[in-house]
Amino acid sequence: MIMPIVKHIAIHESPKKLVEYILNPLKNRDMKYASGIACSTDPEYAYLDLRDTYTRWSKKQFCCPTLSNSKNDVLLCHYIQSFRPDECTPELAHKIGIQWAKRVFGSKRPLVISTHVDRAHTHNHFAISIYDKDGKRWYLNNTTLERCRKVSDKLAREYGLSVIDDRQYRPIQKYAEWLSRKNHTSWKEKIADQIDTLILYENVRSVDDLVEALKNKGYTFSYKKYLSVKPPHGRKGVRTFRLGDGYSLECLEYRIHNKNMEMSQEQVDSYEGEQRDYAMCLREMQMMVYRKQENYHKATYYDLVRLSNMLCFMSENHIQGDNGFKEFLNQADEKYRAAMNRVNDIQHKINFEEKLLSDSGRFLELWNKKGRTPKETQELGKYHVFIDMGLYEDGEVDNHRKRLDDLKEQLLKQNEEVETLKKDRKAAADNYQVYLDLRPEYEKIMERKRTEEEKRQADIERRQYDRETEERYDREMREQHSRNQDTARKER
């Protein structure tokens, strides 16, 4: 077991409930183990401190999602740091929690720390503002989570707590589920095993086929944004992505399509340059995952999906190497910005035409009026642009109305192009990020392949040397035998 365990949760709604839960006196011995950094430990004031920091920098409401505050907005970061039962006292756990928060988040980001002792295992809860006092934002992602875990592990070592470097659990699973799987008592593991079996059926060629196969086995399900499965005689269901790596919809589609068969060498050889290296890397990772190879590289189905999609993207767009990716991304960004400039230009023309048409009535009224007063003559002078454009001529206003309609139609088409180019730019950026994320693993695999190739070449050279040495020895022995025979004949 890894101790301490750190996981994070993005809070999209009800931040006040989280703060009240974390600072519940019944859980932290009447606030004995509650601390704050740039924030109060009183639940009401802590909520206000966190709310004020968020609203100051985000300019959005600190509440449930509304029209102006979409569901994707993260209001708070919730981190949980759990310790092994009977290994860490509440005092030490709270001390480690404070030091961990300071090392990771500094002293300018409002947060509260509360050590809960109501369970068998002592654990720290953190409610953390996504903005610090200077407006710097914190992002919840795998990179920041890994950083948090490294700091936590380092502190654990400093205080003599147990740490296992090679993580044997899935971060997506709760500890209780990880432990029950380890003891083979998990009902979720049985669902996962059933899915593993059904995926390999020849008639399962899509997620829909898999759902139908599960239905035939007595499972009930909900298949909308997520696939949720309930066992035949179970009390509750579970979303498949919570079963562990390889069970999200994206990974299930990948597994069904590939049927746990790694890319062939012929497919690898169909690529060129760095694309071929990444194809070789994908093949190696597939073998690690499919064949459950014990290796320092802990590949996952999610890694396979990301690498496979990135490789297809590189191949379709003829991208080779980091420079090629950067150039493609810059071109995608330039196309998007150029399209946005065209949108702004068209919008500017539309604004001008709308202003022109709205003022044309007054202009024509003054232009066609006989016996204008000096004040009206002065007012007409403000419309000198209209006079230069000949707006007073018959049908000219109608021409501008038609031009406005044409411009609005152009704007509609141009906005569609902008959306397309925006998606293209995002796809390029996302795939480049995958390229950067997987680069270290790619280099590890390629280094191993180079080492294996060097070893193979050294073995070939050694065998060649041994063969040449043996042949030379045999030749020398034959020559020596021939000389001995010649000497014996001469003596006779």
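Report on the accompanying structure. From a predicted model like this one, the values you see are computed outputs, not experimental measurements. (Residues numbered from 1 in each chain as written. Predicted model: local features only at pLDDT ≥ 70, side-chain atom pairs only at ≥ 80, totals over all residues. Heavy atoms only, no water.)

### As for the packing of helix H12 (residues 321-368) against helix H15 (residues 396-491)
What describes two packed helices is the angle between their axes and the distance between those same axes.
Then comes step 1: Where H12 meets H15, the closest approach of the two axes is 8 Å, and the angle between their N-to-C directions is 160°. It follows from the interaxial angle that H12 and H15 lie roughly antiparallel. At the point where H12 passes H15, the crossing takes the left-handed sense.
Then comes step 2: The class makeup of the residues in the contact of H12 with H15 is 24 nonpolar, eight polar and 14 charged. (Axes fitted to C-alpha atoms, helices over the stretch in contact; angles between N-to-C directions. Helix = DSSP H or I, 4+ residues; strand = E, 2+ residues; numbered from the N terminus. Parallel < 35°, antiparallel > 145°, perpendicular 65-115°, else oblique. Left-handed = near helix turned anticlockwise from the far one by under 90°. Nonpolar A, V, L, I, M, F, W, Y, C, P; charged D, E, K, R; others polar.)

### Some remarks on the sheet that holds strand S6 (residues 220-223)
Then comes step 1: Here three strands make up an open sheet; going across it, the order is S6-S7-S8 and the pairing antiparallel. This sheet does not close on itself; its edge strands, each paired only once, are S6 and strand S8 (238-239).
Then comes step 2: The sheet contact formed by S6 and strand S7 (residues 227-230) spans four bridges and is antiparallel. Of the residues in S7, the one forming a bridge with tyrosine 223 is leucine 227.
Then comes step 3: Helix H7 (residues 207-216) contacts S6 and S7 of the sheet and is inclined by roughly 155° relative to S6. (Pairing = 2+ DSSP bridges. Contact = heavy atoms within 4.5 Å.)

### A look at the packing of aromatic side chains
Then comes step 1: All told, the structure shown has 18 aromatic pairs when counted by the stated rule.
Then comes step 2: Considering the side-chain rings of tryptophan 100 and phenylalanine 126, the 4.7 Å spacing of their centres and the 55° angle between planes classify their relative orientation as tilted. Within this pair, whereas tryptophan 100 is found in helix H3 (residues 90-105), its partner phenylalanine 126 is found in strand S5 (residues 123-129), the two being separated by 26 residues in sequence.
Then comes step 3: Given the relative accessible area of 0%, tryptophan 100 is considered buried.
Then comes step 4: Summarising the aromatic geometry, the rings of tryptophan 367 and tyrosine 392 are spaced 4.5 Å apart at their centres and angled 15° between planes, so their arrangement reads as stacked. Of this pair, tryptophan 367 sits in helix H12 while tyrosine 392 is found in the loop between helix H14 (384-389) and H15, placing the two residues 25 residues apart along the sequence.
Then comes step 5: Residue classification places tyrosine 392 among the partly exposed positions, given a relative accessible area of 32%.
Then comes step 6: The rings of Tyr278, Phe313, Phe325, Phe328, Tyr432 and Tyr435 are connected pair by pair, giving a single aromatic cluster. (Phe/Tyr/Trp six-rings, centres within 6.5 Å; stacked < 30°, edge-to-face > 60°. Buried < 20%, exposed > 50% of the residue type's maximum accessible area, 1.4 Å probe, protein only.)

### Topic: H12
Then comes step 1: The end-to-end C-alpha distance of H12 is 69 Å, a good match for the 70 Å that 48 residues give at a rise of 1.5 Å each.
Then comes step 2: Where H12 bends most, the angle comes to about 40°, and this point is serine 360. (Expected span 1.5 Å × (residues − 1). Bend = angle between axes of the 7 residues up to and from the residue.)

### Things to note about the pattern of salt bridges
Then comes step 1: Counted according to the given criterion, the structure contains 30 salt bridges.
Then comes step 2: For glutamate 91, the salt bridge goes to lysine 32, with nearest N and O atoms at 3.8 Å. Linking glutamate 91 in helix H3 with lysine 32 in the loop between helix H1 (15-22) and strand S2 (34-37), this pair joins segments that are 59 residues apart in sequence.
Then comes step 3: On the basis of relative accessible area, lysine 32 is assigned to the exposed category, the value being 54%. (Salt bridge = Lys/Arg side-chain N within 4 Å of Asp/Glu carboxyl O.)

### Concerning the pairing of strand S4 (residues 111-116)
Then comes step 1: The buried fraction of S4 amounts to six of the six residues, a majority that puts the element mostly inside the structure.
Then comes step 2: On S4, burial covers both faces: Leu111, Ile113 and Thr115 on one face and Val112, Ser114 and His116 on the other are all buried.
Then comes step 3: Relative to S4, S2 runs antiparallel, the two being bridged by four bridges. Paired with glycine 36 across the bridge in S4 is valine 112.
Then comes step 4: Note: S4 against S5, six bridges, orientation antiparallel. By the bridge assignment, valine 112 is partnered in S5 with alanine 127.
Then comes step 5: If you look at the hairpin formed by S4 and S5, you'll find six residues sitting between the two strands.

That is the geometry; function is a separate question.
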